[in-house]
Amino acid sequence: MLSLVTRTAGVWDRLPSACNAVALLCSSQPWMRKCPADRVVFHRAYSSPKKEQLDMSVFPVENIRNFSIIAHVDHGKSTLADRLLEITGTIAKTDHNKQVLDKLQVERERGITVKAQTASLFYHYGGINYLLNLIDTPGHVDFNYEVSRSLSACQGVVLVVDANEGIQAQTMANFYLAFEAQLAIIPVINKIDLKNADPERVEKQIEKLFDISKDECIRISAKLGTNVEKVLQEVIEKIPPPSVNISDPLKALVFDTTFDHYRGVIANIALFGGEVQKGHKIVSAHTRKTYEVNEVGILTPDEHLTHKLYAGQVGYLIAGMKEVTEAQIGDTLYLHKQPVEPLPGFKSAKPMVFAGMYPVDQSEYNNLKSAIEKLKLNDSSVTIHRDSSIALGAGWRLGFLGLLHVEVFNQRLEQEYNASVILTAPTVPYKAILSSAKLIKAHGKKEITIINPTEFPDKSSVSEYLEPIILGTIITPDEYIGKIITLCQACRAVQKDMVYIDEHRVMLKYIFPLNEIVVDFYDALKSLSSGYASFDYEDAGYQAADLVKMNILLNRNSVEELTTVVHKDKAYAVGKAICERLKDAIPRQLFEIAIQATLGSEVIARETVKAYRKNVLAKCYGGDITRKMKLLKRQAEGKKKMRKIGNVEVPKDAFINVLKRQFEK
């Protein structure tokens, strides 16, 4: 690209221009003709200062280490990543280095990591230059899929545990992910600078639960940088180099993707064989399409061009994929006419929560569709099904891994694509075993999955309903056990195990129905335990349950978006609570609004939003009673007519809020 450089007051300002023609056009303008010739210079350059291309061949396979940082949420993963970037000279050491790898606005606002991010570090140790490829991962259970994908590109992990809080539920889950993948594990105890830090207690927990000797634990303070350099040295000594060969044909695993409006799909790749460079013709094992490589490089954490990428290295690749459907996470890339056996890829994420998403204005449907597809490219755990609603029009039924995942996806749509959406109340996928021969023939199978409550079949045509269940792990200080057991019992949970992991902390295992915990169980748990309890869950299949479909009526008209499936024993309590909350959420009208919860034709709960009422008797000072009755009768007839033709609009935020239960604190 050409750029126009002007010199003013001794400072050079670079003004990008698209081509020579544009530059010459600029120079033909009156203000440019007045400039002295020596003050205008045209030269060939990139629109941003071009970095020198790196030669990655100086890092043989035995000098490469690929590792992830894994931990429970808020145990200091991103802070440790910042210190590692500073120590290796990847970023300048300043006081402003906070969450350097958390690039999304939603991550900085919430202070959590929701996307795994990659950075390549160069470190000199023992007279040898090493290439360390670091992947910082999320800590929340809703983004567990990001962690499992990141581990596929690694040979080891740094397991970070908070010296104050100790082992938490997600620490356990992440440890077992790494253990099952047979990765080297380096335990790190962070936040030793805190006043209440107790690293000895945490070392005992690690030894008891993970069978890792306390002598292997590294005590650090990522915030102050204490002992962080030892983590890098342990990474080099304990994590093995990737077992790959440069002489093999190219075999690259796509483990993450993003979309750029100008360059198309940017694929993050881990090379398991061969090498790749600009100009190579590569083939996607998923689509069988051939592409020409436009750019390869590493992330430091910004993009940095390289001549080539070699086996064992992690970097990015741009190959002119312009459609979001062409990029598939878990895909294998290989050289044209040199086919290889595709890598196993990733097990597809299983959605735990479904929510309807609709554009606020139907004219924005195509724009929102494009935004959702591009965001799905960067968040592959979301599933998409077309859907429509009488009230809200055409939209989608999206599958997510949890409620925080729903909120973050919605927030990213608003911030990154300026899309405003209506999000319906989240539900879970149920199953029904059909008894009606007609329905079995229509569906082509006896067992069907229901992701939209409006499609929930009637009891007369079903032999059995099944609801999803999960195995939940709660780790809490022992003084909150009583309250937490009561909370779990209120959610129809069945206790499976209870173990003391040290003198003061208890690990509880429960089988929960998923629909009982999906909306606000986590909030209630944090509230009851003053924020000390942690929660993690994994899928445990389905179990038979006595389920019913509950409709919500506004002035006898059903609101599809508020239709929900509940357990029969809880139908009355849930229906009454939803009606009460809707009464607060719906603004008063000039006519009365009846809010009803129904099971089939039976009304089980009702609330009424009173109408605004004008005092029609204000002008009557005494006089005959018949005159007053006439005025009141006329007003009642007007209200009745208004109720027939009046529309009741449910506010957007009501869809999730009305389904939240109010647990007793």
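See the structure shown above.
Residues numbered from 1 in each chain as written. Predicted model: local features only at pLDDT ≥ 70, side-chain atom pairs only at ≥ 80, totals over all residues. Heavy atoms only, no water.

## Description of the pairing of strand β15 (residues 295-299)
Every regular strand shows the same layout, with side chains that alternate between the two sheet faces.
Here is step 1: Of all 5 residues in β15, 5 are buried; the element is thus mostly enclosed.
Here is step 2: Alignment of β15 against strand β18 (residues 314-318), held across 3 bridges, turns out to be antiparallel. Pairing of Gly 297 across the sheet is with Tyr 316, part of β18.
Here is step 3: Here β15 pairs with strand β16 (residues 303-305) via 3 bridges, running antiparallel. Bridging from a neighbouring strand, Ile 298 pairs with His 304 of β16.
Here is step 4: Counted between consecutive antiparallel strands, the loop separating β15 from β16 contains 3 residues. (Buried < 20%, exposed > 50% of the residue type's maximum accessible area, 1.4 Å probe, protein only. Helix = DSSP H or I, 4+ residues; strand = E, 2+ residues; numbered from the N terminus. Pairing = 2+ DSSP bridges.)

## Considering the layout of surface pockets
Here is step 1: Roughly 1000 Å³ of volume is contained in the largest pocket.
Here is step 2: Forming the boundary of the largest pocket are 30 residues, of which Asn 144, Tyr 145, Ser 148, Leu 177 and Lys 347 lie nearest the centre.
Here is step 3: For the lining of the largest pocket, the secondary-structure elements that each account for two or more residues are α5 (144-151), α6 (169-180) and β29 (534-544).
Here is step 4: Here the lining of the largest pocket takes 6 residues from α6, the largest share from any one element.
Here is step 5: Of the residues contributing to the lining of the largest pocket, the split by class is 16 nonpolar, 6 polar and 8 charged. (1 Å grid on protein atoms, 1.4 Å probe; cavity = no way out; pocket = protein on both sides within 12 Å on 5 of 7 lines; lining within 4 Å. Points joined across faces, edges and corners; volume = space filled by probe spheres on them. Nonpolar A, V, L, I, M, F, W, Y, C, P; charged D, E, K, R; others polar.)

## A word on the sheet that holds strand β21 (residues 383-389)
Where strands meet in a sheet, backbone hydrogen bonds hold them as pairs that are either parallel or antiparallel.
Here is step 1: The strand order β21-β22-β20-β23 describes an open sheet built from 4 strands, whose pairing is antiparallel. The outermost strands of the open sheet, each flanked by one partner alone, are β21 and β23 (421-423). Each adjacent strand pair in this sheet contributes to an overall mean axis angle of 30°, direction not counted.
Here is step 2: Each of β20 (353-359), β21, β22 (393-400) and β23 touches helix α9 (residues 365-378); the most contacted strand, β22, lies at about 15° to it. (Axes fitted to C-alpha atoms, helices over the stretch in contact; angles between N-to-C directions. Contact = heavy atoms within 4.5 Å.)

## Here's the deal with the packing of helix α3 (residues 77-87) against helix α8 (residues 228-238)
Here is step 1: Following both chains from N to C, one finds α3 and α8 inclined at 80°, their axes separated by 10 Å at the closest point. Taken together, α3 and α8 sit at an angle that is classed as roughly perpendicular. Contacts from Leu 80, Arg 83, Leu 84 and Ile 87 of α3 reach α8 at Val 228, Glu 229 and Leu 232. (Parallel < 35°, antiparallel > 145°, perpendicular 65-115°, else oblique.)

## Here's the deal with helix α12 (residues 481-490)
Here is step 1: The set of residues buried in α12 consists of Ile 481, Ile 484, Ile 485, Leu 487 and Cys 488. The arc enclosing the buried residues of α12, seen along the axis, measures out at 160°, which places them on a common side.
Here is step 2: Tucked into the core, α12 has its buried residues touching β26 (462-477), β27 (494-500), β28 (505-513) and α14 (521-528).
Here is step 3: Just downstream of α12 lies Arg 492, where phi reads positive at about 60°. (Arc of directions from axis to C-beta.)

Functional significance is not addressed by these values, which are geometric in nature.
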